[in-house]
Amino acid sequence: MMSMACQKCRLPLTQPPHSQRLRCECSNLIHLGNSDRSLQVQERGRISSRVRRFQDKFRRNRSRTKSLSPSPSVSPRLSLIFTKPPPSGKRAFLCGVTYKKEKFRLRGTLHDVNSMRDLLVQKFNFSDESILILAEEEAYKPPTRRNILEAFKWLMADLKSGDSLVFYFSGHGLRQPDFNDDETDGFDETICPLDFRTKGMIIDNAINDILVKPLISGVTLHAIIDSCHSGTVLDLPWVYKEPRSGANKSTSGGRAISFSACKDNQLAADTSAFSAEKTMTGAMTCTFIRALREKPDISYQGLLDYMRTAIEKVNNARCPLLKVFQRKIDQEPVLSSSDKFDTNTKFKL
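Just so we're clear, the structure is a prediction, and the values are computed from it rather than from any experiment.

Engineer: What should I look at first to understand the nonpolar core in this one?
Structural biologist: Most often, soluble globular proteins have nonpolar side chains that are buried together. Formed by 44 residues in total, the largest nonpolar core has its most connected members in Leu94, Phe259, Phe288 and Phe347. Element by element, the count of residues in this core is highest for helix H7 (residues 300–316), at eight residues. Setting aside residues up to four positions removed in sequence, Phe259 forms contacts with Ala223, Ile224, Ile225, Met284, Phe288, Tyr300, Leu303, Leu304, Met307, Val334, Leu335 and Phe347. Grouped together as the second largest cluster of nonpolar side chains are 40 residues, Val97, Ala151, Phe196 and Met201 included.

Here you go:
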């Protein structure tokens, strides 16, 4: 095995046997040559230094203007791209961002969106017409910032008691300093649209304003967010087995429940560890869907425990001799809600 130093971080570079590429220990993608126990992990929030420079510039601009995200009461001039009104009852917005042309491309997001769609149709009786998908494929509109905000409007239009809403996001997530002083850790969590480097991220305050506050009595929103730093990306005040956030960000009588891939200070993995065919997928999405297919009557707490246990099982199964190369999936899924409820009740959509 050849060894030299990385010019960026001064950590050792290694060339695994039968591999033509050098990798640094600070890399976000680990290749293990031709090992039968190979494991690829890419984190949904670890991005290139060029994007880090964009973040710094974005933060400086926010410090001068206080906010680059539009207030829901002052909507941007968006073209009406979804002409069909949303159906009453059940409806879902699924968003998968691959960042195809970027160095920080994710390889499991399209697979995750298709898997989530199949779950909703097959297990929870969602119709094809009730599911709106944004993805980087010809069949769909691209997940730009503008399109995501329009899709939020589609999801929240004409709410009626009894409606069941689902928002699923698979992509990169980041953090930025909190300029509103409403975060206990001093950071706002964000999701990254396809064009976030030029149009900006969507921060948790905006997501709460658009998706949580308008929920009227009898309407329930389930959010499943598979991205880095996503623990409180909906800014919900109740977090399972953690103190209340203290934020006054309630609904208008409805309920919002969120499953997030990891805590606010953690990274979420895009990995092949859960697939015998080595298919890349989000660790949280894969275990979430697997739990619901294996245990149709699973509770909210049972679902959370299943995901955490499955991730820990994969970590423990790493080959002891190759652990130096096989990055641990260091994430703990989070359950949060707009109000206190019995987590032992059956999960339903």
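So that's the structure; there's more coming.
Engineer: What should I look at first to understand the pattern of salt bridges in this one?
Structural biologist: Where charged atoms of side chains with opposite charge meet at close range, the side chains can pair. The tally for this structure, following the rule as stated, stands at 13 salt bridges. Of the charged contacts, one joins Asp128 and Arg117 as a salt bridge, the two residues approaching to 2.5 Å between their closest N and O atoms. On the criterion of sequence distance, the pair formed by Asp128 in the loop between helix H2 (109–124) and strand E6 (131–134) and Arg117 in helix H2 is long-range, its members being eleven residues apart. Taking the relative accessible area as the measure of exposure, Asp128 reaches 46% and is therefore partly exposed.

Engineer: Before we go on, may I ask you to explain the confidence of the model for the chain in this structure?
Structural biologist: Close inspection of predicted coordinates is inappropriate for parts of the model with low pLDDT. Averaged over the chain, the pLDDT score is 80; the fraction of residues at 70 or greater is 72%. This model gives residues 1–39 a pLDDT under 50, and the stretch forms 87 contacts once residues within four places in sequence are excluded.

Engineer: Just to check I follow, could you spell out the packing of aromatic side chains for this structure?
Structural biologist: Centre-to-centre distance and the angle between the planes together describe a pair of aromatic rings. Within the structure shown, the criterion is met by 13 aromatic pairs. For the ring pair Phe259 and Tyr300, a centre distance of 6.3 Å and an interplane angle of 0 degrees mean the geometry is stacked. Within this pair, whereas Phe259 is found in strand E13 (residues 255–260), its partner Tyr300 is found in helix H7, the two being separated by 41 residues in sequence. Judged by relative accessible area, which is 5%, Tyr300 ranks as buried. For the pair Tyr300 and Phe341, a centre-to-centre distance of 5.2 Å together with 85 degrees between the ring planes defines the contact as edge-to-face. Of this pair, Tyr300 sits in helix H7 while Phe341 is found in the segment after strand E16 (334–337), placing the two residues 41 residues apart along the sequence. Of the residues examined, Phe341 reaches a relative accessible area of 16% and is grouped as buried.

Engineer: Can you help me understand the packing of H2 against helix H6 (residues 283–294) in this one?
Structural biologist: Relative placement of two packed helices is described by the angle separating their axes and the distance separating the axes. Where H2 contacts H6, the axes come no closer than 10 Å and their chain directions differ by 20 degrees. Taken together, the axis directions place H2 and H6 in an arrangement best described as roughly parallel. H2 and H6 meet at a crossing whose hand is left-handed. Residues Asp112, Ser115, Met116, Asp118, Leu119, Gln122, Lys123 and Phe124 of H2 lie in contact with H6, whose contacting residues are Thr285, Phe288, Ile289, Leu292 and Arg293.

Engineer: Sorry, what's going on with the sheet that holds strand E8 (residues 173–177) here?
Structural biologist: The strands making up a sheet are joined through hydrogen bonds of the backbone, oriented either antiparallel or parallel. In spatial order, the strands read E8-E9-E10; together these three strands make up an open sheet with antiparallel pairing. Pairing within the sheet leaves two strands with one partner each, and these edge strands are E8 and strand E10 (202–203). The pairing of strand E9 (residues 187–191) with E10 spans two bridges and is classified as antiparallel. Bridged to Ile191 within E10 is Ile202.

Engineer: Mind showing me how you'd approach the pairing of E6 here?
Structural biologist: Side-chain positions along a regular strand alternate between the two faces of the sheet. Here E6 shows two buried faces, one formed by Ile131 and Ile133 and the other by Leu132 and Leu134. Bridge count between strand E5 (residues 90–96) and E6: four bridges; the pairing is parallel. Residue Cys95 lies in a different strand from E6, and its bridge partner there is Leu134. One crossover worth recording links E5 to the parallel E6 by way of H2, and it is right-handed.

Engineer: Help me understand the sheet that holds E16, please; the structure alone is not making it clear to me.
Structural biologist: An order of E6-E5-E7-E11-E13-E16-E12 is seen for the seven strands of this open sheet, with the pairing classed as mixed. Only two strands of the sheet have a single neighbouring strand rather than two, namely E6 and strand E12 (238–239). Bridge count for E12 against E16 is two bridges, and the pairing is antiparallel. Within E16, the residue paired with Trp238 across the bridge is Ser337. In the packing of H6 onto the sheet, the strands contacted are strand E7 (164–170), strand E11 (220–226) and E13, and the crossing angle to E11 comes to about 130 degrees.

Engineer: How should I be thinking about H2 in this particular structure?
Structural biologist: Residues spaced three or four apart along an α-helix face the same direction, because each turn holds 3.6 residues. Taking 1.5 Å of rise per residue, 16 residues should cover 22 Å, and H2 covers 21 Å from first to last C-alpha, within 8% of that figure. All of the buried residues in H2 are Thr109, Asp112, Val113, Ser115, Met116, Leu119, Leu120 and Phe124. Buried positions in H2, seen along its axis, are confined to an arc of 165 degrees and lie on one side of it. Along its buried surface, H2 packs onto E5, E6, E7, E11, strand E15 (281–282) and H6. Phi turns positive one or two residues past the end of H2, at Asn125, with a value near 60 degrees.

Engineer: In this structure, what is going on with the environment of Glu102? I would like to understand it.
Structural biologist: Looking at the element boundaries, Glu102 is found in the loop between E5 and H2. Between the alpha carbons of Glu102 and Leu194 there is a distance of 9.7 Å; along the sequence they are 92 residues apart.

Engineer: Please clarify how unusual backbone geometry should be interpreted in this entry.
Structural biologist: For residues other than glycine, phi is negative in most cases, and the peptide bonds are mostly trans. Phi is positive for Tyr99, close to 55 degrees, though the residue is something other than glycine. With respect to the helices and strands, the residue Tyr99 is situated in the loop between E5 and H2. By relative accessible area, Tyr99 is classed as buried at 1%. Of note in the backbone geometry, His229 takes a positive phi value of approximately 55 degrees without being a glycine. Its location among the elements puts His229 in the loop between E11 and E12. Residue class for His229 comes out buried when judged on its relative accessible area of 12%.

Rules used throughout
- Residues numbered from 1 in each chain as written.
- Predicted model: local features only at pLDDT ≥ 70, side-chain atom pairs only at ≥ 80, totals over all residues.
- Heavy atoms only, no water.
- Core = buried A, V, L, I, M, F, W, Y, C linked by side-chain atoms within 4.5 Å.
- Buried < 20%, exposed > 50% of the residue type's maximum accessible area, 1.4 Å probe, protein only.
- Helix = DSSP H or I, 4+ residues; strand = E, 2+ residues; numbered from the N terminus.
- Contact = heavy atoms within 4.5 Å.
- Salt bridge = Lys/Arg side-chain N within 4 Å of Asp/Glu carboxyl O.
- pLDDT = per-residue confidence, 0-100.
- Phe/Tyr/Trp six-rings, centres within 6.5 Å; stacked < 30°, edge-to-face > 60°.
- Axes fitted to C-alpha atoms, helices over the stretch in contact; angles between N-to-C directions.
- Parallel < 35°, antiparallel > 145°, perpendicular 65-115°, else oblique.
- Left-handed = near helix turned anticlockwise from the far one by under 90°.
- Pairing = 2+ DSSP bridges.
- Right-handed = clockwise from strand over helix to strand, strands pointing away.
- Expected span 1.5 Å × (residues − 1).
- Arc of directions from axis to C-beta.

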